[in-house]
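Residue-level structure breakdown
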Amino acid sequence: MQFIRESLLKLITETSTNLPPDVRQAMGKALAQETPKSQSSLALNVIAANIDMAQDDEAPICQDTGMPTFLIKTPVGFNQLTLSQEIRQAVAEATRRGKLRPNSVDSLTGKNSGDNLGPGTPIIHFEQWEQDDVEVRLILKGGGCENMNIQYSVPCTLDHLGRADRNWEGVRKCILHAVWQAQGQGCSPGALGVCIGGDRTSSYENAKLQLLRPLDDTNPDPQLARLEKEIMQEANQLGIGTMGFGGKASLIGCKVTARNRLPASFFVSVAYDCWAFRRLGVLLDAGSGAIKQWLYRDPDRPVERLAKESGFPLSGREIILEPPLSEEKVRSLKVGDVVLINGLIYTGRDEAHAYLLKNPSPVDLQGAVLYHCGPVALKQGDRWKINAAGPTTSSREEPYEADVIGKFGIRAVMGKGGMGKKTLEGLQKHGAVYLNAIGGAAQYYARAITQVEGVSLLELGVPEAMWHLRVKDLMALVTMDAHGNSLHANVEETTGAMLETVGASSPSHSG
Ligand code: SF4
């Protein structure tokens, strides 16, 4: 097994930095179908540029490199214990090299292990097969989309769709509802793995396993194939769009399986994955551990670049923000404005918000831009380099944000997916805005960082620390303003109305 470590490191690196062809193809379709110059199209262009940048620099596509989940098939008699050890060491090494973010947090103490190792991390599933080689598949699925997974126990009552019964129609309603409830928070356009039936645990597990299927395959079960096709058509009529900005492309894939269930239970489980659909695999020689073949990749097909032009085309109508921001400047902004930030900003996410509520801030936040971001940061000598820096899901800060804004005089919070009523009221009251950065565009945003000027609260771990970042032309959209307007609330309302229409239409599918 002299090549095993090298092979596993290559698999982890490629999975984190280079999207597979089927996902690129699906994102290419989404780009082609979106209305040019719309907010969703703008976001898709940034995403396309980000995908290319990640591949060019062999850097993480998204800063949230997720829970490393390995699915392995070994020949009978193969030593699985040795392979587990090698996987753990390869994961730690990939973390050290900045290909994975330290993502393993002790659930009791809140301490980050720093190397992605710990009880339950990484996840490794083994099974045996009657072949001579070892197959290793890897999924990196981040927290934003993982939090959008949902399990329905039917019969149940769903927003905008009414009752979902224990039949095909009920299943269809659950899947459509799963897309709608995610809005842009799982970094749409996303893909679904669905399991009909099973028990609570196996249902979720099998839903996730559907994400191993290539996005362009056809379900061998004709009924499920029809259902997948219908969901793709119907979900893309909802109008959620990229990042929930409203638009035509909401879903890039839907893969469904069914498992037997107990007579008393009927679960429909949905695993939601984001556009940064990082999943690859290799076939290894069981003796040497060398890679014999890549899965999901056609060796004869070169990787196609996604972005039509390099970078993000500026219109000249962008508004320049240079923190510290005045109340007057911020109150002049409105939903739909595109801004470019120049100057010093600070990151802060879950732990930092909880800290700030109870303590003084380690930095002056008057007029500041607070970025919901947990970057991949590498220490080089006595300096830090940010390797990936896209936004995290802002709704997690909803319980704190209005109070934090009021307490410190923050003028802009920036993240992804939007925030709720309490924050909207806080923005109005204190004179602040919510800026939506493009979720997952970690390389695009890392390139906007010209210098790491410092870091506070590093004891909370790299993702949770407050990073002091000097940025240039960092682009975001105003999606919640100081006048009570929220693009997120509007899109949720219009897509809810559309969900009612689509849900009521009679599907051609019948079980
Ligand atoms: S693209 Fe969005 S949802 Fe996906 S891992 Fe990155 S931040 Fe999370």
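Okay, so let's go over this structure. All of these numbers come straight from a predicted model, not from anything done at the bench.

**Points about the overall build of the chain**
A tally of regular secondary structure across the chain gives 14 helices and 20 strands. Seen through its C-alpha atoms, the chain measures out along the principal axes to roughly 70 × 60 × 45 Å. The buried share among the 511 residues of the chain stands at 60%. In the chain, 75% of the contacts between residues at least 6 apart in sequence involve partners at least 24 apart. If you sum the accessible surface of the chain, you get close to 20,400 Å²; carbon and sulfur atoms cover 50% of it. Counting 53 positive and 58 negative side-chain charges, the chain places the averaged centre of each group 1 Å from the other.

**Describing the side chain of T479**
Relative to the elements of secondary structure, T479 occurs in strand β20 (residues 466–480). Here T479 is in contact with F245, V335, Y434, N436, N485, S486, L487 and H488, once residues within four sequence places are set aside.

**As for the nonpolar core**
As a rule of thumb, soluble globular proteins bury nonpolar side chains together. Ranked by internal contacts, the top residues of the largest apolar core, which has 136 residues, are I341, L435, I438 and M475. If you tally residues by element for this core, the top one is helix α3 (residues 39–57), at 10 residues. Residues within four places of L435 in sequence aside, it is in contact with L321, V339, I341, A412, V413, M414, G415, A476, L477 and V478. Core analysis: the next-biggest nonpolar cluster, separate from the first, contains 21 residues, I410, L424, L457 and M466 among them.

**A word on the pattern of salt bridges**
Within the structure shown, the criterion is met by 31 salt bridges. Here D403 makes a salt bridge to K422, at a shortest N to O gap of 3.5 Å. Of this pair, D403 sits in helix α11 (residues 398–408) while K422 sits in helix α12 (residues 421–430), and the two are 19 residues apart along the sequence. Taking the relative accessible area as the measure of exposure, D403 reaches 39% and is therefore partly exposed. For E453, the salt bridge goes to R470, with nearest N and O atoms at 2.5 Å. One end of the pair, E453, is in strand β19 (residues 449–456); the other, R470, is in strand β20, and 17 residues separate them in sequence. Take E453: its relative accessible area is 39%, and that puts it in the partly exposed class. Owing to a relative accessible area of 31%, R470 belongs among the partly exposed residues under this scheme.

**Looking at α3**
The end-to-end C-alpha distance of α3 is 27 Å, a good match for the 27 Å that 19 residues give at a rise of 1.5 Å each. In terms of burial, α3 is largely enclosed, as 14 of its 19 residues are buried.

**Some details on the site of the ligand**
Surrounding the ligand, one finds 13 residues, the nearest of these being C62, C145, C187, C274 and R278. The pocket occupied by the ligand, as judged from atoms lying within 2 Å of grid points, is the largest pocket. Here the shell around the ligand is composed, by residue class, of 6 nonpolar, 4 polar and 3 charged.

Thresholds applied
Residues numbered from 1 in each chain as written. Predicted model: local features only at pLDDT ≥ 70, side-chain atom pairs only at ≥ 80, totals over all residues. Heavy atoms only, no water. Helix = DSSP H or I, 4+ residues; strand = E, 2+ residues; numbered from the N terminus. Buried < 20%, exposed > 50% of the residue type's maximum accessible area, 1.4 Å probe, protein only. Contact = heavy atoms within 4.5 Å. Areas by Shrake-Rupley, 256 points an atom, 1.4 Å probe, with all protein chains shown as cover. Lys, Arg positive; Asp, Glu negative; His and termini not counted. Charge placed at Lys NZ, Arg CZ, Asp CG, Glu CD. Core = buried A, V, L, I, M, F, W, Y, C linked by side-chain atoms within 4.5 Å. Salt bridge = Lys/Arg side-chain N within 4 Å of Asp/Glu carboxyl O. Expected span 1.5 Å × (residues − 1). Near = heavy atom within 4 Å. 1 Å grid on protein atoms, 1.4 Å probe; cavity = no way out; pocket = protein on both sides within 12 Å on 5 of 7 lines; lining within 4 Å. Sits in = over half its atoms within 2 Å of the grid points. Nonpolar A, V, L, I, M, F, W, Y, C, P; charged D, E, K, R; others polar.

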